[in-house]
Amino acid sequence: IFSFSLFCALIHCAELWHRRPATLESALLGVVIGMIGLVRIPNLLPAAVIVLLYGIRGRTDFRVKMRFLVDYRMQIGVAVMSAALVFSPQTWYWKEMTRHWIVQPYYYEGFNFFRPRISDVLFSVRRGWWLWSPLALVACFGFFAMREKNPEYILPFAAALLVHLYLVSVWH
């Protein structure tokens, strides 16, 4: 529930930031990204994908977006610093409790990036997303409807979904 709410806030903040990439919007975007990291660190990657790919519909949009990101690099810095500020109490806590800035709480588990189990994540009886939540499969067909109503969301959402699916599938 927390991740869902924060991703909704992220989408709203990303829209605001792309319309008006000022300092306040950048700081707000960074705060939301920092909170996403506090809830679940691997969610930072799909969050970054959504923000960076928002509005790209084709190759020309990609070039325009790269220029936009270069032009507003200071605002990106404000967002990164805001996210770091929000996340910093967590790292200080880890440092005080474990004497390490970064903590791996799952000692016997981790990522195996060369052996993704995508079919297990989607279809297995044990943890299959589409098997246990078939409505999620129906929701994936929403990308086709989104093509006409909100084309600026297709690439960032599809890419974020694929990145998240990959991260979940390589966790062993």
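Cut-offs applied
- Residues numbered from 1 in each chain as written.
- Predicted model: local features only at pLDDT ≥ 70, side-chain atom pairs only at ≥ 80, totals over all residues.
- Heavy atoms only, no water.
- Patch = residues over 30% accessible without salt bridge, like charges linked within 9 Å, V, L, I, M, F, W, Y side chains within 5 Å.
- Areas by Shrake-Rupley, 256 points an atom, 1.4 Å probe, with all protein chains shown as cover.
- Salt bridge = Lys/Arg side-chain N within 4 Å of Asp/Glu carboxyl O.
- Lys, Arg positive; Asp, Glu negative; His and termini not counted.
- Charge placed at Lys NZ, Arg CZ, Asp CG, Glu CD.
- Helix = DSSP H or I, 4+ residues; strand = E, 2+ residues; numbered from the N terminus.
- 1 Å grid on protein atoms, 1.4 Å probe; cavity = no way out; pocket = protein on both sides within 12 Å on 5 of 7 lines; lining within 4 Å.
- Points joined across faces, edges and corners; volume = space filled by probe spheres on them.
- Nonpolar A, V, L, I, M, F, W, Y, C, P; charged D, E, K, R; others polar.
- Expected span 1.5 Å × (residues − 1).
- Buried < 20%, exposed > 50% of the residue type's maximum accessible area, 1.4 Å probe, protein only.
- Arc of directions from axis to C-beta.
- Contact = heavy atoms within 4.5 Å.

**Thoughts on a positive patch on the surface**
Working step 1: On the surface, a cluster of positive charge is made up of R115, R117, R126 and R127.
Working step 2: Inspection of the secondary structure assignment puts R127 in the loop between helix 6 (118-123) and helix 7 (129-132).

**As for unusual backbone geometry**
Working step 1: Here R99, not a glycine, exhibits a phi torsion of approximately 65°, which is positive.
Working step 2: Of note, R99 is situated in the loop between helix 5 (73-98) and helix 6.

**Details of the layout of surface pockets**
Working step 1: There is about 790 Å³ of room inside the largest pocket.
Working step 2: Looking at the largest pocket, it is lined by 22 residues, and the ones nearest its centre are F7, W129, F157, A160 and L161.
Working step 3: Of all the secondary-structure elements, those providing two or more residues to the lining of the largest pocket are helix 1 (2-19), helix 3 (44-53), helix 8 (134-140), helix 9 (142-149) and helix 10 (154-169).
Working step 4: Take the lining of the largest pocket: its biggest share by element is six residues, from helix 10.
Working step 5: When grouped by side-chain class, the residues that make up the lining of the largest pocket number 18 nonpolar, four polar and no charged.
Working step 6: Lining the second largest pocket are 20 residues; nearest its centre among them are R40, I41, P42, P105 and Y106.
Working step 7: Those elements giving two or more residues to the lining of the second largest pocket turn out to be helix 2 (23-39), helix 5 and helix 10.
Working step 8: Considering only residue class, the lining of the second largest pocket consists of 15 nonpolar, three polar and two charged.

**Overview of helix 4 (residues 59-71)**
Working step 1: Here helix 4 contains 13 residues, and its C-alpha end-to-end distance of 19 Å stays within 8% of the 18 Å for a straight helix at 1.5 Å per residue.
Working step 2: Among the residues of helix 4, K65, F68 and L69 are the ones counted as buried. Buried residues in helix 4, looked at end-on, bunch into an arc of 95°, giving them a common side. The exposed set on the far side of helix 4, more than 90 degrees from its buried face, consists of R59, T60, R63 and V64.
Working step 3: For helix 4, the elements touching its buried residues are helix 1, helix 3 and helix 5.

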